[in-house]
Amino acid sequence: MDTQQISAPSRASSGVVHDNSRHTSRFTVVGNHLTQHRELSLTAIGLAAHIQSLPAGVGIGIKDLADRFPEGEARIAAALRELEAHGYLRRTRTRLANGRIVTRTVSCNQPSDHRRTDALPGRDCPQRTVRPPTLVRPCSEPEPDDAHPARSRTRTHTKPAPRREPAPLLVPKPAFPAASLLRTATDLLAGLHHQDPRLLLSAQDVEALAPGVAAWLEREAGPAAVQHALTADLPPEGMRRPAGLLAHRLTARLPSPPPFQAPADTPPRPIPLQNCEGCDRAFRAAGPGECSDCQTDSSRPTVQQL
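Model, not experiment: these values are computed from the prediction.

Conventions used here
Residues numbered from 1 in each chain as written. Predicted model: local features only at pLDDT ≥ 70, side-chain atom pairs only at ≥ 80, totals over all residues. Heavy atoms only, no water. Axes fitted to C-alpha atoms, helices over the stretch in contact; angles between N-to-C directions. Helix = DSSP H or I, 4+ residues; strand = E, 2+ residues; numbered from the N terminus. Parallel < 35°, antiparallel > 145°, perpendicular 65-115°, else oblique. Contact = heavy atoms within 4.5 Å. Nonpolar A, V, L, I, M, F, W, Y, C, P; charged D, E, K, R; others polar. Core = buried A, V, L, I, M, F, W, Y, C linked by side-chain atoms within 4.5 Å. Buried < 20%, exposed > 50% of the residue type's maximum accessible area, 1.4 Å probe, protein only. Pairing = 2+ DSSP bridges. Phe/Tyr/Trp six-rings, centres within 6.5 Å; stacked < 30°, edge-to-face > 60°. Lys NZ or Arg CZ within 6 Å of the ring centre and 35° of its normal. Expected span 1.5 Å × (residues − 1). Arc of directions from axis to C-beta. Polar contact = N/O pair within 3.5 Å; in protein donor to acceptor, adjacent residues only side chain to side chain. Salt bridge = Lys/Arg side-chain N within 4 Å of Asp/Glu carboxyl O. Lys, Arg positive; Asp, Glu negative; His and termini not counted. Left-handed = near helix turned anticlockwise from the far one by under 90°.

Student: Would you mind going over the packing of helix α2 (residues 42-52) against helix α4 (residues 73-85) in detail, with residue names and values included?
Tutor: Close contact between α2 and α4 brings their axes to 9 Å; oriented N to C, the two are set at 80 degrees. By the angle between their directions, the pair α2 and α4 is classed as roughly perpendicular. Residues T43, A44, L47, A48 and I51 of α2 pack against R75, I76, A79, L80, E82 and L83 of α4. Residue classes in the contact of α2 with α4 are distributed as eight nonpolar, one polar and two charged.

Student: So what's going on with the nonpolar core? Residues and values would help.
Tutor: A general tendency of soluble globular proteins is for nonpolar side chains to be buried together. Core analysis: the largest hydrophobic core is formed by 25 residues, its most contacted members being L189, L209, V213, V226 and L230. In terms of residues, this core owes the most to one element, helix α7 (residues 203-218), which gives seven residues. Residues within four places of L209 in sequence aside, it is in contact with L169, V171, L189, L201, A243, L246, A247 and L250. Residues L34, I60, L80 and L89 belong to the second largest nonpolar core, which totals 18 residues.

Student: Run through the pairing of strand β1 (residues 89-95), naming residues and quoting values.
Tutor: Alignment of β1 against strand β2 (residues 101-107), held across seven bridges, turns out to be antiparallel. Along β2, the bridge assignment pairs R93 with T103. From the end of β1 to the start of β2, which pair antiparallel, there are five residues, and G99 there has a positive phi angle of about 95 degrees.

Student: Could you give me a rundown of the packing of aromatic side chains, with the residues and numbers involved?
Tutor: With the rule as written, the count across this model stands at zero aromatic pairs. Cation over ring: R68 sits above F69, and NZ or CZ is 4.6 Å from the ring centre.

Student: Describe helix α6 (residues 179-190), listing the residues and the values that go with them.
Tutor: The first and last C-alpha atoms of α6 sit 17 Å apart over 12 residues, in line with the 16 Å expected at 1.5 Å per residue. For α6, every residue scored as buried is listed here: A185, L188 and L189. One side of α6 carries all its buried residues, which in axial view fall inside an arc of 95 degrees. When the buried face of α6 is taken as reference, the exposed residues oriented beyond 90 degrees from it are A179, R183 and D187. On its buried face, α6 sits against α7 and α8 (223-231).

Student: If you had to explain the side chain of Q274 to someone new, which residues and values would you point to?
Tutor: Relative to the helices and strands, Q274 resides in strand β3 (residues 273-275). In terms of polar contacts, Q274 uses its side chain to reach the backbone carbonyl oxygen of A285, at 3.4 Å. In this view, Q274 contacts R281, A282, F283, A285, A286, G287 and P288; residues no more than four positions away in its chain are not counted.

Student: Help me get a handle on the pattern of salt bridges, residues and values and all.
Tutor: Taken as a whole and judged by the stated rule, the model has four salt bridges. D293 is the partner of R281 in a salt bridge, and the nearest nitrogen-oxygen pair spans 2.6 Å. Of this pair, R281 sits in the loop between β3 and β4 (282-284) while D293 sits in helix α10 (residues 292-299), and the two are 12 residues apart along the sequence. Since its relative accessible area comes to 40%, D293 is described here as partly exposed.

Student: How would you summarise the side chain of R249 if you had to cite specific residues and measurements?
Tutor: Secondary-structure assignment places R249 in helix α9 (residues 242-252). There is no salt bridge for the buried R249, and the closest opposite charge comes from D233, which lies 6.2 Å off by N-O distance. One polar contact links the side chain of R249 to the main-chain carbonyl oxygen of A229, over a distance of 3.2 Å. Beyond its immediate stretch of four places on either side in the chain, R249 contacts W216, A229, L230, T231, A232, D233, L234 and L254.

Student: Could you give an account of the packing of α6 against α7, naming the residues involved and the relevant values?
Tutor: Two numbers describe how α6 lies on α7: the axes approach to 8 Å, and their chain directions differ by 115 degrees. Between α6 and α7 the crossing geometry is right-handed. Contacts between α6 and α7 pair L181, L182, T184, A185, T186, L188 and L189 from the former with V206, L209, A210, P211, V213, A214, L217 and E218 from the latter. Along the lines of polarity and charge, the residues of the contact of α6 with α7 split into 12 nonpolar, two polar and one charged.

See the structure below:
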């Protein structure tokens, strides 16, 4: 009698088992060089995948990402620095036409070759052939200057480029620069570093910015309102020239003048005093003449008239 043979069940794997479905919409292609990176942290890998899935123009600042995810600003900032160091992000600072400095971020789904890490073992990764540099040799050895004295005398020495001076700070001016107004503006600017240590200004910058703050105070903006307008929503990255940023805000956010107030009506001038021509008493009238009593007496009929 034949013996029935039963095949032994296969040993279950302890690793991951994939249950994949083909995507036809709303998907993003992410390379394994990112998702299986050896040096990036898990936060950086997940953040890079999220950034690559976003449409162009969406803000990916530290505050924007902190509002979207539970990670804090410190972890998000560290992850962005990792991606930038490995070539998955490029951040450049650009000055707009109105003087404002913005940070432009470019996401790279395929970093440059010198930024990429080696492929994982066991996976085929095509390698790019690097051609050696071509050495160019001069046709003839250059002759020393001693052989041509005229050449050595006429050689000009290249002067170093002059140091570029910073652009002057342009701020609005008050209509009536009172001394008390400028003193209040100077004290306000000198105390901005208590709100943000990066706003520690030099004496020259304070003197140049004081008229702009005085123009705000002249337009009935209180010191607290001016301080909030200068210190709120500062860029998280380091500021190259804090005084230039403050000058731009003083100019671009200058409040409108207060509404016009008509002067109060002047009281009517009192009627001047006159001396009565009949009794020499003082009375008020527009012009010289007799008082009311003398005018009444003169109007009464006399005995001769009767």
